[in-house]
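# A structural walkthrough
These are the residues of each chain, in order.
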Amino acid sequence: MYHAIANLFSDHLVTAFSRTLVHSLWQGALLSLVTALIMTFTRKSSPARRYNLLVVVMVLFTVLVAGTFIFEFNRIGARMPVSSDQVIVNPKPVPSERIMHPAVVPSFISETIGSYLNRYASTIVWIWLLIVCARCVQLLTGLRDVYYLRHKDTFSIGSYWEERVQQLCVQMDIKRRVGIIESGRIKTPVVTGYLKPLILIPISMFTSLSVEEAEAILLHELAHIRRADYLVNLLQNLIEIVFFFNPAVLWLSALIKAERENCCDDMVLARSGKVNYLKALVACEEYKQPSPAYAMALKGSNGGLKNRVARIISNKNLALSSKEKSLLAACLIATGIFTAAFTSGVKLNNQVTAASKTTQANFKSDAEKTRSIISEMINDGIITSPNGLSFKIGKNEFVVNYKKQPENIYQKYKAKYVGAQPDGDRIWHYRFDNDKYKPAGNNYKAGAVAKTDSDRVKNIISDMVNDGIIASPTGLSFKIGTDEFVVNYKKQPDLVYQKYRAKYVNDQPHGHDDWIWYYQFDTHKWDLLVAHKYNAAKNTDHSQTGDITTGVFKGKLN
């Protein structure tokens, strides 16, 4: 499933989309809170004002979600590795000077949720896309049904009502020509179309109503046309399709539909008697047939007629029901709990970062270090542009584009980019092919290294994706050596480690036991996590002993 999505979209696009969908849930909680406040503080306002406020809130929510997607997409893109070939290999064990604190550890709740979402990002997007496609098919089917309503089993209603509709259009300041016909496919009046609006009346319905009651029905349908409700309703249904999983959006949409009917009711009451209109509403309710979802019906949504009649009689807007209040309270409490957990995780992660900086003041991220060294090489005239650049720098030499640099250049860059590393014995490769580089005077043998660093990185990432260890290479970090295999700061089971060791450690030409391969890996953060787990285990069982040397846990992490 991952590969199916990967073939259509890039990794960070899928990840950004997945995170946006998740963020829309807590944003929906805020949406429900704002909606509740509007419904509470506008009880004495007109339905038109409530309707406009609710529509504005839905539009702002849609804009917020779109902005979240753009932010996540840019953030993930900015955090992508400068190159998939950027690898740091063969360091000695990191120095033993560390500041340890048991509280400095990421929140496992937020970390677990984040890891789960990253792991199944493509699955989340795939399921969402399938459901959206299914609902789009449902939308198209509904629009087809509306088309059939306009063209199948329709009959002329007579010249009197056709002329009367045009007269009412003039009264309501409707510039477009509105048609009216009888239909054998419906049991309640509906209006369809935006550019060419058409009112459909059930066959013989007007024969059972007085002229005043029939005109009240026509005024209601013309009110929908005057307000362009058909178009707004269609756009609203599209938003419901996209956020089908978000209860706050569905609730807000239902409130908008209810207030829409109230707005039309007020427009009718301003031009017709209350008694005649109430009789017309009751007559339509007696048919009890669902109306098409994408046409505007007189009786509104199911169960809404009772509330509309009560509002017309009492002249008061309805407040939130007890059920809506209970669900809203539960939603806000759940959101508060998850927000507190996430905030705690962020604070603890910041503590980890701060602790790491205190022990490694000169250390930079790989991306920052790469940009810095490239800029300095351009300023020093070593290269003219970063296009096609490759280099490696370590304790013995500085090689740029497979040319060894003079000693004075090497010492300058070593002091800045190698001396800042934990032990100074680190070889930093950037798009560097060891097979291509053959320095004079060493014991290099062509073909001794089976794979280039670039191939090895691509192969191990592909294996981890296929084995389900990671969902995508976004934000990936790992280390593997003769003792353990750690991916995204989580030690892998022994069976997994043995498989990857056999393929990626045993084929190395180094031959010594302390060979370790690092990829975007923060050794200080790992030391903090190891020490924290050790300290926690020690506090639980005082009889357990460990080998501690100046604050570094020398044993194995279980």
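Residues numbered from 1 in each chain as written. Predicted model: local features only at pLDDT ≥ 70, side-chain atom pairs only at ≥ 80, totals over all residues. Heavy atoms only, no water.

## Section: the pairing of strand S14 (residues 516-519)
As a reminder, the rule being used: Partly exposed describes any residue whose relative accessible area lies between the buried limit of under 20% and the exposed limit of over 50%, with all areas from a 1.4 Å probe on protein chains only and scaled to the type maximum. A run of H or I in DSSP becomes a helix once it reaches four residues, and a run of E becomes a strand once it reaches two; helices and strands are each numbered from the N terminus. Strands are treated as partners if at least two bridges between them are detected by DSSP.
Burial along S14 is two-sided: Ile516 and Tyr518 facing one way and Trp517 and Tyr519 facing the other are all buried. Judged from the four bridges that link them, strand S11 (residues 478-481) and S14 form a sheet pairing that is antiparallel. Across the sheet, residue Lys479 finds its bridge partner in S14, namely Tyr518.

## Considerations on unusual backbone geometry
Of note, the phi angle at Asp173 is positive, near 60 degrees, even though the residue is not glycine. Mapped onto the elements, Asp173 comes out in the loop between helix H6 (159-171) and strand S3 (179-183).

## Comments concerning the packing of aromatic side chains
Spelled out, the test is: Two aromatic rings, drawn from Phe, Tyr or Trp (for Trp, its six-membered ring), form a pair once their centres lie within 6.5 Å of each other, and the interplanar angle then sorts them: stacked below 30 degrees, edge-to-face above 60, tilted otherwise. We call a charge positioned above a ring when the Lys NZ or Arg CZ atom is no farther than 6 Å from the ring centre and deviates by at most 35 degrees from the ring normal.
Under the criterion given, the structure shown has 22 aromatic pairs. Feature note: the residues Phe478, Phe485, Tyr500, Tyr504, Trp517 and Tyr519 constitute an aromatic cluster, connected by ring pairs. Above the plane of the ring of Tyr194 lies Arg176, whose end atom (NZ or CZ) is 5.0 Å from the centre. Here the basic side chain of Lys525 rests over the ring of Tyr489, its NZ or CZ set 4.6 Å away from the ring centre.

## Considering the packing of helix H5 (residues 121-151) against helix H8 (residues 229-242)
What counts, and what does not: Between N-to-C directions, angles cover 0 to 180 degrees, with each direction set by a line fitted to C-alpha atoms, over the stretch in contact for helices. We call two directions roughly parallel when the angle between them is under 35 degrees, roughly antiparallel when it is over 145, roughly perpendicular when it lies between 65 and 115, and oblique otherwise. Handedness of each helix crossing follows the sense of rotation of the near helix against the far helix: counterclockwise by less than a right angle gives left-handed, clockwise gives right-handed. Contacts are residue-level and defined by heavy atoms, with any inter-residue pair within 4.5 Å sufficient.
Look at H5 against H8: their axes get within 9 Å of each other, and the N-to-C directions meet at 155 degrees. With respect to H8, the element H5 is oriented roughly antiparallel. As H5 packs across H8, the resulting crossing turns out to be right-handed. In this structure, H5 contributes Trp128, Val132, Arg135, Cys136, Leu139, Leu143 and Val146 to the contact, and H8 contributes Tyr230, Leu234, Leu238, Glu240, Ile241 and Val242.

## Things to note about a positive patch on the surface
Where we set the bar: Patch criteria: residues need more than 30% relative accessible area and no salt bridge. Like-charged residues are merged within 9 Å; nonpolar side chains of Val, Leu, Ile, Met, Phe, Trp and Tyr are merged within 5 Å. Under the convention used here, a 1.4 Å probe and the Shrake-Rupley method define accessible areas, while residue burial counts only the protein chains that appear. Any Lys or Arg side-chain nitrogen found within 4 Å of a carboxyl oxygen on Asp or Glu counts as a salt bridge. Neither His nor the chain ends is counted toward charge; the positive residues are Lys and Arg and the negative residues Asp and Glu. To locate a charge, take NZ of a lysine, CZ of an arginine, CG of an aspartate or CD of a glutamate.
Together, Arg43, Lys44, Lys316 and Lys325 give the surface a local cluster of positive charge. With respect to the element layout, Lys325 can be found in helix H12 (residues 322-359).

## Looking at the nonpolar core
The line we're drawing: The nonpolar core is taken to be a set of buried Ala, Val, Leu, Ile, Met, Phe, Trp, Tyr and Cys residues, with the residues joined through side-chain atoms within 4.5 Å.
Among the nonpolar cores identified, the biggest contains 33 residues, and Val178, Ile199, Ile201, Phe206, Leu218 and Leu222 are the most heavily contacted of them. Those elements giving two or more residues to this core turn out to be H6, strand S5 (198-202), helix H7 (211-226), helix H9 (247-269), helix H10 (274-285) and helix H11 (304-314). In terms of residue count, the dominant contributor to this core is H7 (eight residues). In this structure, Leu31, Leu54, Met58 and Leu252 belong to the second largest nonpolar core, which totals 21 residues.

## Concerning the confidence of the model for the protein chain
Put simply, the rule reads: How sure the predictor is of each residue is captured by pLDDT, a score from 0 to 100.
With 72% of its residues at a pLDDT of at least 70, the protein chain reaches an overall mean of 76. Low pLDDT (under 50) marks residues 80-107, which in the prediction has 97 contacts with non-local residues, meaning those over four places away or in another chain.

## Topic: the pairing of S3
Across the five residues of S3, four count as buried, placing the element largely inside the fold. Where strand S2 (residues 154-156) and S3 come together, three bridges link them in antiparallel fashion. By the bridge assignment, Thr154 is partnered in S3 with Ser183. As defined by bridge partners, S3 adjoins S5 across five bridges and the pair is classed as parallel. Bridging across to S5, Glu182 finds its partner in Ile201.

## Things to note about the side chain of Gln27
To be explicit about the condition: For this analysis, a polar contact is any N or O atom pair within 3.5 Å, provided that within protein one partner can donate a hydrogen and the other can accept it, and provided that sequence-adjacent residues contribute only side-chain to side-chain pairs.
Secondary-structure assignment places Gln27 in helix H2 (residues 11-41). For Gln27, a relative accessible area of 4% puts it in the buried group. Among the polar contacts listed, one links the side chain of Gln27 to the side chain of Thr68, at a separation of 2.8 Å.

## Digging into helix H16 (residues 494-504)
For clarity, the cut-off: By arc we mean the arc of the directions from the helix axis to the C-beta atoms, nothing more.
Where H16 is concerned, the buried positions are Tyr497, Tyr500 and Tyr504. With its buried residues spanning 75 degrees around the axis, H16 presents them on a single face. Exposed side chains of H16 directed beyond 90 degrees from the buried face belong to Asp494 and Leu495.

## Things to note about the pattern of salt bridges
In total, this model carries 21 salt bridges according to the counting rule given. Residue Arg260 pairs with Asp229 through a salt bridge whose shortest N-O separation is 3.9 Å. Note that Arg260 is positioned in helix H9 and Asp229 in helix H8, a separation of 31 residues in sequence. Each of the two residues, Arg260 as well as Asp229, counts as buried. The closest approach of N and O atoms between Lys392 and Glu397, which form a salt bridge, is 3.6 Å. Overlapping salt bridges, with partners in common, bring together Glu376, Asp380, Lys412 and Lys416 in one network.

## Things to note about the packing of H7 against H10
The condition is simple: For this classification, Asp, Glu, Lys and Arg are treated as charged, while Ala, Val, Leu, Ile, Met, Phe, Trp, Tyr, Cys and Pro are nonpolar and the rest, including Gly, are polar.
Packing of H7 against H10 brings their axes to within 8 Å, and their N-to-C directions diverge by 80 degrees. Taken together, the axis directions place H7 and H10 in an arrangement best described as roughly perpendicular. Two secondary-structure elements touch here, H7 through Glu212, Glu213, Ala216, Ile217 and His220 and H10 through Asn276, Tyr277, Lys279, Ala280 and Cys284. Considering only residue class, the contact of H7 with H10 consists of five nonpolar, two polar and three charged.

## Considerations on empty space enclosed by the protein
Applied cut-off: Site definitions follow a grid-based scheme: protein atoms alone, a 1 Å grid, a 1.4 Å probe that fits but cannot get out for cavities, and for pockets an open set with protein on both sides within 12 Å along at least five of seven lines, plus lining residues having an atom within 4 Å of a point. Grid points are joined across faces, edges and corners, and a volume is the space filled by probe spheres set on the points.
Enumeration over the complete set of coordinates arrives at four cavities of 30 Å³ or more. Quantified by volume, the second largest cavity comes out at close to 60 Å³. Contributing to the lining of the second largest cavity are twelve residues, with Gly193, His224, Ile225, Asp229 and Tyr230 lying nearest its centre. When contributions to the lining of the second largest cavity are tallied by element, the ones reaching two or more residues are H7 and H8. The greatest single-element share of the lining of the second largest cavity, amounting to three residues, is contributed by H8. Considered class by class, the residues forming the lining of the second largest cavity number eight nonpolar, two polar and two charged.

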